[in-house]
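Residue-level listing of the chains:
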Amino acid sequence: MRDDASARQIVALNFAAMAQHGIILLLVGPMIPNIMATFGVGESLAGLLLAMGSLGFVSGPLFAGAIIDRVGVRAALAIGFGIELVILGIYGLSPLFAIAVAAHFVLLFGSSFIETSANVMPTLAALRRPAHAVMSLVHTFFSVGAFVGPFLIGLYLQATGEWRPVMFFALVPTGALLAWTLITRFPARAADGRDRRPFANLGAVIGKRYVVFGALTLMLYVGAEVGLSSWVVYYLQRQLGMSAVASASGLSILWIFIMIGRLANSVLGNRMSSLTLVTASGIAGAVGVLLFLLARDAIAAYALLAWIGLCLSGVFPNVMGELNRRDPALTGTVTAVMAMGAAIGAGSSQWLVGFLAEHVSLSVAFATPAGFQLLVVIAYRAAVRAAGRDAVGGPHR
């Protein structure tokens, strides 16, 4: 990595943006029971709220990728933080469920700009370590925000029962990061002769088989991750009778072990291929989810959530880090297409889990992430084979 102040500031901003992104994406999950009570809605409508957020998340990456490839990362990052800053305030004041749904859609639309930008930022400097190992370190900071946020939210809800002020608390780190982004100097894009019109190269990117299979892999993975993290608080309260803080702590345990696992993956990635790591974690994670459904006390549930977190930890950074670097001139668009796959998985899985929870049972609903994790293994193996044939960056490591 270049040893200058600008590169170090970009790395630090990358880590901080990922931590804030973890807070925002996990912001609503711990508050779902309170939001349902406030607006008097059931599991299906709560699932609709979450799914509309994911629809917003899937709508944003192509715009973010086009801005990154045409203008630069800083512009996309600043737009994302700006949208979040405005919508968090609207969300916290929403008097109607319909307004909350709309706010959730736009909030995650803005968050998708942060996601896409943060996944591109590691490519801005020359890296000597394997890309999937570096991406695991970056995503460790996402996990920091994702486990600290739910725990603090659970404490606040336990003490006050009010969810709206949480939206205003989230304005503080978001505003600080917007200011940081605006004063950070990013490297200028080098002219490479590519067509920089928005979406001009989208067709070529979608035509790459490794991008399509990579997007499918992330769709299945995020379907498992978000399906679990968005509904685990509700599951623990309903099935095991846990309090607000105890159930939110279960979500924090899931994410602290995702964080630990990503740190481990940043080391293991120097010695093992991404394919080996994704295959092992997919199979082991599916087993962990099925065993979680048999847990009948808090200790067993917490232990299995820790195991599931370790297994989930490396999939996203390993897949993204391995595949999005293969055409450096189009990193933004490649990252955007793969991020769209992830967002589709998030939206569809949240609706599916909510629907099954209300119309079948919570146990059946929570069995679906296990199936997703097994399918991740199949999809990523196809992506790796395709990458060896048609990726610009050469054969798979």
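What comes next concerns the included structure. Residue positions are given per chain, counting from 1 as you read along its sequence in written order. Selection of residues for local features in this predicted model requires a pLDDT of at least 70, selection of side-chain atom pairs for listing and counting requires 80 or more, and totals for whole chains, interfaces and linings are taken over all residues. Side-chain measures here rest on the full set of heavy atoms in the structure, leaving out hydrogens and waters.

Take a nonpolar patch on the surface next. A surface patch of nonpolar side chains, about 400 Å² in accessible area, is lined by L85, V86, I90, L96 and I99. To qualify as a helix, a DSSP run of H or I must reach at least 4 residues; to qualify as a strand, a run of E must reach at least 2; elements of each kind are numbered from the N terminus. Positionally, V86 belongs in helix α5 (residues 73-93). Residues enter patches when they are more than 30% accessible in relative terms and free of salt bridges; like-charged ones are connected within 9 Å and nonpolar ones (Val, Leu, Ile, Met, Phe, Trp, Tyr) within 5 Å. In short, Shrake-Rupley with a 1.4 Å probe defines the accessible areas, and a residue's cover is counted only from the protein chains shown. Any Lys or Arg side-chain nitrogen found within 4 Å of a carboxyl oxygen on Asp or Glu counts as a salt bridge.

What follows concerns the packing of aromatic side chains. The pairing test for Phe, Tyr and Trp rings, Trp by its six-membered ring, is centres within 6.5 Å, and the orientation test on the planes gives stacked under 30 degrees, edge-to-face over 60, and tilted for anything in between. Scanning the entire structure with this criterion turns up 12 aromatic pairs. Centroid distance Y91 to W163: 6.3 Å. Interplanar angle 75 degrees. Geometry classified as edge-to-face. A residue pair is termed long-range when its members are at least 10 positions apart, and Y91 in helix α5 and W163 in the loop between α7 (131-160) and α8 (164-169) qualify at 72 residues. As far as burial versus exposure is concerned, Y91 and W163 are alike and both buried. Through a chain of ring-to-ring contacts, the aromatic side chains of F39, Y91, F97 and W163 assemble into a single cluster. The rule is simple: take the accessible area with a 1.4 Å probe, protein chains only, and divide by the maximum for that residue type; under 20% is buried, over 50% is exposed, in between is partly exposed.

Within the structure shown, the criterion is met by one salt bridge. The salt bridge partner of E225 is R262, with a shortest N-O separation of 3.9 Å. With E225 in helix α11 (residues 209-240) and R262 in helix α12 (residues 244-268), the pair connects residues that are 37 residues apart, well separated along the chain. Residue classification places R262 among the buried residues on the basis of a relative accessible area of 2%.

Any residue with an atom within 4 Å of a point lines the site, the site being either a cavity, points on a 1 Å grid over the protein atoms alone where a 1.4 Å probe fits but cannot get out, or a pocket, an open set with protein on both sides within 12 Å along at least 5 of 7 lines. Grid points are joined across faces, edges and corners, and a volume is the space filled by probe spheres set on the points. All chains considered together, the criterion is met by two cavities of 30 Å³ or more. Empty space within the largest cavity amounts to approximately 360 Å³. For the largest cavity, the lining is made up of 23 residues, of which L25, V222, E225, V226 and A346 are closest to its centre. Broken down by secondary-structure element, the contributors of at least two residues to the lining of the largest cavity are α3 (43-59), α6 (97-120), α7, α11 and α16 (331-359). When residues in the lining of the largest cavity are grouped by element, the largest group, six residues, is from α11. Classification used: nonpolar for Ala, Val, Leu, Ile, Met, Phe, Trp, Tyr, Cys and Pro, charged for Asp, Glu, Lys and Arg, polar for all others including Gly. Residue composition of the lining of the largest cavity, grouped by class: 13 nonpolar, seven polar and three charged.

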